[in-house]
Amino acid sequence: MSENALISKSQQSLSIFSIASSFLLLLLVVGLAVVGLTEKWPEPSLSFEYRSSIPETKIAVYYDVGEGLNKQHSYSKIVRSSGDWKEIRLVLPNTVIHGLRLDPAISPGTIGIRNLRIVDSTGTMRLQVPPSAIQPGNQILSLSENNGELEVQTTPDAYDPFLHILLENRID
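Residues numbered from 1 in each chain as written. Predicted model: local features only at pLDDT ≥ 70, side-chain atom pairs only at ≥ 80, totals over all residues. Heavy atoms only, no water.

1. Remarks on the confidence of the model for the protein chain
Per-residue pLDDT for the protein chain has a mean of 84; in total, 75% of the residues score no lower than 70. Considering only residues more than four positions removed or in separate chains, one finds that residues 29–40, a stretch of pLDDT under 50, has three contacts. (pLDDT = per-residue confidence, 0-100. Contact = heavy atoms within 4.5 Å.)

Dropping the structure here:
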């Protein structure tokens, strides 16, 4: 076999390999895009917009799954705030929920909350929580609503302020 024929066969093999590699890469990218678009979040969540005068705090949600509210049935996260609105997502269990409590901070301050809702694992809103369904609990000095935005003022010595979220029906 001549040297030119060997080079031509080598180039042909390399070309087939390049096409196959490109096709596999395309399949991988399309597969990741489909998964990314169809499964927004792995669990349901309590989602809302949040802003605070507190530079860094912990926000928590407690959920009653038929055993009352307790630390075992809660989810929390540390939030840094610049005073601008920020989307918050607190994970909820994928089970029946009988009640909710939101702890918007662990120190004194002024907190804003709007667009509170329960979102399922596909990102679909299951329940819009109106401001009237949010009631002050422990260490809340004032709670006021203006155009759908809640302003929460904690007591000056607050270390565990919380809000009751009244549910008309359980969340399935």
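2. Section: unusual backbone geometry
A positive phi angle, near 55°, is found at Asn 115, a position not held by glycine. Note that Asn 115 resides in strand β6 (residues 110–119). In the Ramachandran plot, Asn 147 falls in the positive-phi region, its phi being about 55° despite a non-glycine side chain. As for its placement among the helices and strands, Asn 147 is situated in the loop between β9 (140–146) and β10 (149–154). For Asn 147, a relative accessible area of 74% corresponds to the exposed category. (Helix = DSSP H or I, 4+ residues; strand = E, 2+ residues; numbered from the N terminus. Buried < 20%, exposed > 50% of the residue type's maximum accessible area, 1.4 Å probe, protein only.)

3. Quick notes on the sheet that holds strand β8 (residues 134–136)
Pairing within the open sheet is antiparallel, and its five strands lie in the order β3-β2-β5-β11-β8. Of all the strands in the sheet, just β3 (74–80) and β8 have a single pairing partner and so form its edges. With direction set aside, neighbouring strand axes in the sheet form an average angle of 20°. (Pairing = 2+ DSSP bridges. Axes fitted to C-alpha atoms, helices over the stretch in contact; angles between N-to-C directions.)

4. Digging into the packing of aromatic side chains
How two aromatic rings sit relative to each other is set out by the distance from centre to centre and by the angle between their planes. One pass over the structure, following the stated rule, counts one aromatic pair. Ring geometry for Phe 48 versus Tyr 50: centroids 6.3 Å apart, planes at 65°, classification edge-to-face. Just as Phe 48 is buried, Tyr 50 falls in that class too. Positioned over the ring face of Tyr 62 is Arg 101, at 4.5 Å from the centre of the ring. (Phe/Tyr/Trp six-rings, centres within 6.5 Å; stacked < 30°, edge-to-face > 60°. Lys NZ or Arg CZ within 6 Å of the ring centre and 35° of its normal.)

5. Considering the nonpolar core
Core analysis: the largest hydrophobic core is formed by 29 residues, its most contacted members being Leu 46, Phe 48, Leu 100 and Leu 102. Counting residues per element, the ones that place at least two in this core are β1 (45–52), β2 (56–64), β4 (86–91), β5 (99–103), β6, β10 and β11 (163–165). Ranked by residue count, the leading element in this core is β6, at four residues. If we ignore the near neighbours within four places in the chain, the residues touching Phe 48 are Ile 59, Lys 86, Glu 87, Ile 88, Leu 90, Leu 102, Ile 113, Arg 114, Asn 115, Leu 116 and Arg 117. (Core = buried A, V, L, I, M, F, W, Y, C linked by side-chain atoms within 4.5 Å.)

6. Side note on the pairing of β6
Among the 10 residues of β6, seven are classified as buried, and the element is accordingly described as predominantly covered. The pairing of β1 with β6 spans seven bridges and is classified as antiparallel. Paired with Arg 51 across the strands is Gly 112, a residue of β6. Across five bridges, the pairing between β6 and β10 is antiparallel. Paired with Gly 112 across the two strands is Glu 151, which belongs to β10. Where β6 hands over to strand β7 (residues 125–128), the hairpin turn is made up of five residues, of which Gly 123 adopts a positive phi near 95°.

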